[in-house]
Every structure is written in structure tokens, then in C-alpha cells.
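# Residue-level structure breakdown
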Amino acid sequence: MKTSVLWNDILTKGAILGCVMLASNIAETSMLIYGGTIGWMGAMSVECLAVMALYCYLIYRFTSNYAKLVISERKEMPYFTYGNGYSYAVMISILAGVITALGSHIFLNYVVGYDNYVTATINIAQSAISQAELPSAMVGQYEQMLSAIQQQEAPSMMSKLFGSIWTYLLAGSFVGLIVAAFTKREPQMFDNQNEQNDEQ
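Residues numbered from 1 in each chain as written. Predicted model: local features only at pLDDT ≥ 70, side-chain atom pairs only at ≥ 80, totals over all residues. Heavy atoms only, no water.

### Describing the overall build of the chain
Scanning the chain from N- to C-terminus turns up 7 helices and 0 strands. Ordered by position from the N terminus, the helices and strands of the chain form the series α-α-α-α-α-α-α. Of all 200 residues assigned to the chain, the portion counted as buried reaches 32%. Just so you have it, the chain exposes about 12,100 Å², and 62% of that area is on carbon and sulfur atoms. (Helix = DSSP H or I, 4+ residues; strand = E, 2+ residues; numbered from the N terminus. Buried < 20%, exposed > 50% of the residue type's maximum accessible area, 1.4 Å probe, protein only. Areas by Shrake-Rupley, 256 points an atom, 1.4 Å probe, with all protein chains shown as cover.)

As C-alpha cells, then:
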């Protein structure tokens, strides 16, 4: 397969995966800021599980389609190795991480505001602490922790980018181990020889 075709497919599928994960990130941030209740936290948990399942499905679907494309071009000896599938899954996941990091940074800092995000997080945490009826000693510790969070500066774009790349690298590596096992196809030399003999 031509290198240009490979990278074009990686960029396309990685961009699609990145947009899906970015949409999920924006939805979660919006539920946190504009929902602001424990009930919305439950909705966020359900959404997180759903998007994790969707992430795994898309990795499998894109890798499977890429495998079919590669196999169709290797007509004399069609095959798709475990390494081909694994590297493809990891690369589109890393690209998705880049897109998610950049998009979420813009949304969080320039659309909703980082201060609003921190305030919403602290309000929900305080509400959960008050409902939990914790001992006064533990309440004091949690309040100190929340105060430290409130005083922290917004993370830089580079730190968020590297953090997201690392997260999606780990996720892609784990999911890729499984996906590559399902999408690999060993060379079928004997079948090809039999087909050639039948034609003769």
C-alpha cells in the first residue's frame, strides 16, 4: 500500500474519532457547569461508559476496514499482520487525543471559562460532602483540598496536549492489543497455489 494512502486513512479516521471524543468532552464539561447537581453527575457517568464503548467500537471498525483495504491490494498473497492492526489502532487513537486536547482547551478556556469550571466542580463537591454527613475532621480536610483546587492556575495548552496524548496512547495500546487479534489475517499461500493450479 502506498504511504500516502495509509496516512490519508489514518488522518481521516483519527479526525473522526477525535471529533467524537471531543463532542463527548464538551458534553461532560457542559453537564458539569450548567447542570451542577449530583443527578447530572450520574448522567455524566452513563455518558462516559457509553463513549468508552463507542471508542472501542470505532477503533475496531476503522481497523477492520483498513485491513480489508490492505488485503484487497495484496492480491497475490493477501494478509494483514497483527502489527499492522496494532500500529494503526494506536496511531488513530493518538491523533484523536491531539484533537480532543486542542478542542477541549479552547472550549474550556475561551467559551465557558476555566474559573466557571472550577467553581462548578467545587460546588458539586461541597454538595456531596454536605449530603454525606462526614466527620468534622474529614470535612476540614476536604475543604482544604477544594481550596487548593480553587487556587490552582489553568493548565497550559501544552500540558493538556501531552496529557491527552499519553492517555490516548495508553487507551489505544490496550484496545489495539485486542482489536489487532481480531483483524489480523495470515498469508494463505497454499490457497493461492491451489487456485493457480485449478486455473491451469
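### Brief notes about the packing of helix α1 (residues 3-35) against helix α3 (residues 82-112)
One way to put it is that α1 packs onto α3 with a least axis distance of 7 Å and a crossing angle of 40°. Crossing hand, α1 versus α3: right-handed. Here the contact of α1 with α3 is composed, by residue class, of 20 nonpolar, 9 polar and 2 charged. (Axes fitted to C-alpha atoms, helices over the stretch in contact; angles between N-to-C directions. Left-handed = near helix turned anticlockwise from the far one by under 90°. Nonpolar A, V, L, I, M, F, W, Y, C, P; charged D, E, K, R; others polar.)

### Quick notes on the nonpolar core
Among the nonpolar cores identified, the biggest contains 20 residues, and Leu17, Tyr55 and Ile59 are the most heavily contacted of them. Mapped onto this core, the elements with two or more residues apiece are α1, α2 (38-73), α3 and α6 (157-183). Per-element accounting of this core gives the leading share, 9 residues, to α2. Other than its neighbours up to four places away in sequence, Tyr55 contacts Leu17, Met21, Ser93, Tyr168, Ala171, Gly172 and Val175. Formed by 9 residues, the second largest nonpolar core is a distinct cluster that contains Ile33, Tyr114, Ala120 and Leu146. (Core = buried A, V, L, I, M, F, W, Y, C linked by side-chain atoms within 4.5 Å. Contact = heavy atoms within 4.5 Å.)

### A look at a nonpolar patch on the surface
A grouping of Tyr60, Tyr82, Phe174, Leu177, Ile178 and Phe182 is seen on the molecular surface, where their side chains present a nonpolar patch of about 640 Å² in accessible area. Considering each element in turn, the nonpolar patch owes the most residues, 4 residues, to α6. Residue placement: Leu177 occurs in helix α6. Exposure remark for Leu177: the relative accessible area of 43% places this residue in the partly exposed category. (Patch = residues over 30% accessible without salt bridge, like charges linked within 9 Å, V, L, I, M, F, W, Y side chains within 5 Å. Salt bridge = Lys/Arg side-chain N within 4 Å of Asp/Glu carboxyl O.)

### Quick notes on the pattern of salt bridges
Within the structure shown, the criterion is met by 1 salt bridge. Salt-bridge contacts for Lys13 lead to Asp9; the nearest nitrogen and oxygen are separated by 3.1 Å. Taken as a pair, Lys13 and Asp9 lie in helix α1 at a separation of 4 residues, close to a single helical turn.

### As for the packing of α3 against α6
Two elements in contact, α3 and α6, have axes separated by 7 Å at closest approach and are oriented at 150°. Viewed along their axes, α3 and α6 adopt a mutual orientation that is roughly antiparallel. The hand of the α3/α6 crossing is right-handed. Residues that form the contact of α3 with α6 fall into these classes: 18 nonpolar, 11 polar and 1 charged. (Parallel < 35°, antiparallel > 145°, perpendicular 65-115°, else oblique.)

### Section: the packing of aromatic side chains
Applying the stated rule across the entire model yields 4 aromatic pairs. Plain terms: the ring middles of Tyr66 and Tyr88 are 4.4 Å apart, the flat faces sit at 5° to each other, and that makes the pair stacked. Linking Tyr66 in helix α2 with Tyr88 in helix α3, this pair joins segments that are 22 residues apart in sequence. Pairwise contacts between aromatic rings join Tyr66, Phe80 and Tyr88 into one cluster. (Phe/Tyr/Trp six-rings, centres within 6.5 Å; stacked < 30°, edge-to-face > 60°.)

### Concerning the environment of Arg61
For Arg61, the location among the structural elements is in helix α2. Between the alpha carbons of Arg61 and Thr183 there is a distance of 9.6 Å; along the sequence they are 122 residues apart.

### A word on the environment of Leu69
Considering the arrangement of structural elements, one finds Leu69 in helix α2. Separated by 11 residues in the primary sequence, Leu69 and Phe80 place their C-alpha atoms 9.7 Å from one another.

In short, geometric facts, not functional conclusions.
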